[in-house]
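What the coordinates show
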Amino acid sequence: MEHSQLLKERKVLQAGQRAVDPSQFAKSFTDLPYASDSEDQKLDVFLPEAEGVWPLVVFVHGGGWYFGGGREEGISSVFKIVSQGYAVASVDYRLVPDVEFPAQIHDVKAAIRYLRTHAEELQVDTDKIVIWGNSAGGHLSALAAARGDFPELEDLSMGNAGYSSRVDGLLSWYGVYDLLTHQSQLKEVFPDQDGAEDDAVPAMLGDGNFEEKAWKASPIRYVTEDYPPALIQQGKADRLVPYLQAEEFCRRIREVCGPSRAVVEYFPAAGHGDPQIKADSNILRCVRFLDGIYFADTPCTYPRPALPELHFVASTCSRIDPYEAV
């Protein structure tokens, strides 16, 4: 997709967005700059109402690497886990066409280091962190979960170099994990689909050898024996990311780390970003996965009320402002 087309589509997609209202959370820290290269390098932290130091979930939004934001209504169900005793840090990152890969993963890892640096003042426990993402955010989260020695995935000059970006679990919704097989798998699952080649992957990777850059940007490349526990959820009717991506990635983790390290769960009738995946019933299933990591040794004592209804405000996302003339 051409850059001009990406920017036009970004305007259309974001024009009708609503945003999660931060004021509905008893405690929050908003628009925190975790790096200084771009205005996009900000994050929000939402906390439960009671006093305490809270287990931290880092969320990375989707949007094809070229649109989206950390408070958008489309990913808002994730914020309901604050009611279950979790702190949520939602990360914005630089978008295409302003940057190319690996800037996006550098941003996510810089955000994690920032959160560890400021854990005390933010009232979060960063001894364990689970990273959670959807779509493009699922791709970036799966990269961030890599624990091997991969300096190409991190730019320590962005700040807080003395702190780790290591995470202890991955929760991924309909992410892309092997950029080399993505298109062939899409055509295999949906042979009747036209225009399958018109996706945002080439724009995210930028100019150069596509196969080389796609492999370097593929989470499946970075699976080592210490890759953390992963819950991968995917719709089988997804016409943007074929379910074979989740199958391939889960199989790779199990081959390298053992059969219990990764679980893939399919939603047979769900498309990309489907409400079934974001429904309260699945949010509670995701909470059980989080509990298994954070409270493996000590049971959670936080009272678990019903998931709340969320409130929204009109989006004021500044990311579309520079492109009003496009």
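All values reported here derive from a predicted model rather than from experimental measurement.

1. Remarks on the overall build of the chain
Looking only at helices and strands, the chain has ten helices and ten strands in total. Computed over the C-alpha atoms, the radius of gyration of the chain is 18 Å, within 12% of the 20 Å expected from 2.2 N^0.38 for a compact globule of 326 residues. Its C-alpha atoms put the chain at 50 × 50 × 40 Å along the principal axes. Residue burial in the chain is summarised as follows: out of 326 residues, 54% are buried. Nonlocal contacts in the chain, meaning residues at least 24 apart in sequence, comprise 80% of its contacts between residues at least 6 apart. Here the chain contributes 30 positively and 49 negatively charged side chains, and the mean placements of these two sets differ by 3 Å.

2. A word on helix α4 (residues 136-144)
Counting buried positions along α4 gives nine out of nine residues, so the element sits mostly inside the fold. Turning to α4, its buried residues number three or more, namely A136, G137, G138, H139, L140, S141, A142, L143 and A144. Contacts from the buried residues of α4 go to β4 (54-60), α2 (103-117), β6 (124-134), β7 (169-173), α6 (201-205) and α8 (243-257).

3. Some points on the confidence of the model for the chain
Per-residue pLDDT for the chain averages 92, and the proportion of residues at 70 or more is 91%. Across residues 320-326, confidence stays below pLDDT 50; counting only partners more than four residues off in sequence or on other chains, it has eleven contacts.

4. Here's the deal with the sheet that holds β4
In space, the eight strands of this open sheet follow the order β2-β3-β5-β4-β6-β7-β8-β9, with mixed pairing throughout. Pairing within the sheet leaves two strands with one partner each, and these edge strands are β2 (27-33) and β9 (262-267). With strand direction ignored, the average angle separating the axes of adjacent strands in the sheet is 15 degrees.

5. A word on the packing of aromatic side chains
According to the stated counting rule, one finds 14 aromatic pairs in the structure shown. Measuring from ring centre to ring centre gives 5.9 Å for Y227 and F249, while their planes differ by 90 degrees; the resulting arrangement is edge-to-face. Of this pair, Y227 sits in the loop between α7 (210-216) and β8 (230-235) while F249 sits in helix α8, and the two are 22 residues apart along the sequence. As far as the burial class goes, Y227 and F249 line up, both buried. In textbook terms, an aromatic cluster arises when at least three aromatic residues are bridged by ring pairs, as seen for F59, W132, W173 and Y174. In this structure, K236 packs its charged tip against the face of Y243, placed 4.7 Å from the ring centre. Geometry around Y266 places K236 over its ring, the cationic atom sitting 4.8 Å from the centre.

6. A short note on the state of the cysteines
Inspection of every chain in the model, using the stated rule, returns zero disulfides. Free of any disulfide, C286 has its nearest neighbouring cysteine sulfur in C250, separated by 15 Å. Taking relative accessible area as the criterion, C286 reaches 0% and is therefore assigned buried. For the unlinked cysteine C300, the closest cysteine sulfur is that of C286, found at 16 Å.

7. Section: the environment of L180
For L180, the location among the structural elements is in the loop between β7 and α5 (182-189). Taking the relative accessible area as the measure of exposure, L180 reaches 37% and is therefore partly exposed. Placed 33 residues apart in sequence, L180 and K213 show a C-alpha to C-alpha distance of 9.4 Å. L180 has contacts with E211, A214, W215 and S218, leaving out every residue within four places of it along the chain.

8. Looking at the side chain of D274
Of note, D274 is situated in the loop between β9 and α9 (275-278). Buried charge without a partner: D274 forms no salt bridge, and the closest opposite charge is K278, 8.5 Å away. In this structure the side chain of D274 is engaged in a polar contact, spanning 2.9 Å, whose partner is the backbone nitrogen of Q276.

9. Looking at unusual backbone geometry
Trans peptide bonds make up most of the peptide bonds, and negative phi angles are found at most residues other than glycine. Going from V96 to P97, the amide bond is cis rather than trans, its omega being 5 degrees. Inspection of the secondary structure puts P97 in the loop between β5 (87-91) and α2. Positive phi, close to 55 degrees, is recorded for D31, a residue that is not glycine. Position of D31 relative to the elements: it lies in strand β2. Despite not being glycine, Y174 shows a phi value in the positive range, around 40 degrees. Relative to the elements of secondary structure, Y174 occurs in the loop between β7 and α5. The class for Y174 is buried, based on a relative accessible area of 1%.

About the cut-offs
Residues numbered from 1 in each chain as written. Predicted model: local features only at pLDDT ≥ 70, side-chain atom pairs only at ≥ 80, totals over all residues. Heavy atoms only, no water. Helix = DSSP H or I, 4+ residues; strand = E, 2+ residues; numbered from the N terminus. Rg over C-alpha atoms; globule rule 2.2 N^0.38 Å. Buried < 20%, exposed > 50% of the residue type's maximum accessible area, 1.4 Å probe, protein only. Contact = heavy atoms within 4.5 Å. Lys, Arg positive; Asp, Glu negative; His and termini not counted. Charge placed at Lys NZ, Arg CZ, Asp CG, Glu CD. pLDDT = per-residue confidence, 0-100. Pairing = 2+ DSSP bridges. Axes fitted to C-alpha atoms, helices over the stretch in contact; angles between N-to-C directions. Phe/Tyr/Trp six-rings, centres within 6.5 Å; stacked < 30°, edge-to-face > 60°. Lys NZ or Arg CZ within 6 Å of the ring centre and 35° of its normal. Disulfide = S-S within 2.5 Å. Salt bridge = Lys/Arg side-chain N within 4 Å of Asp/Glu carboxyl O. Polar contact = N/O pair within 3.5 Å; in protein donor to acceptor, adjacent residues only side chain to side chain.

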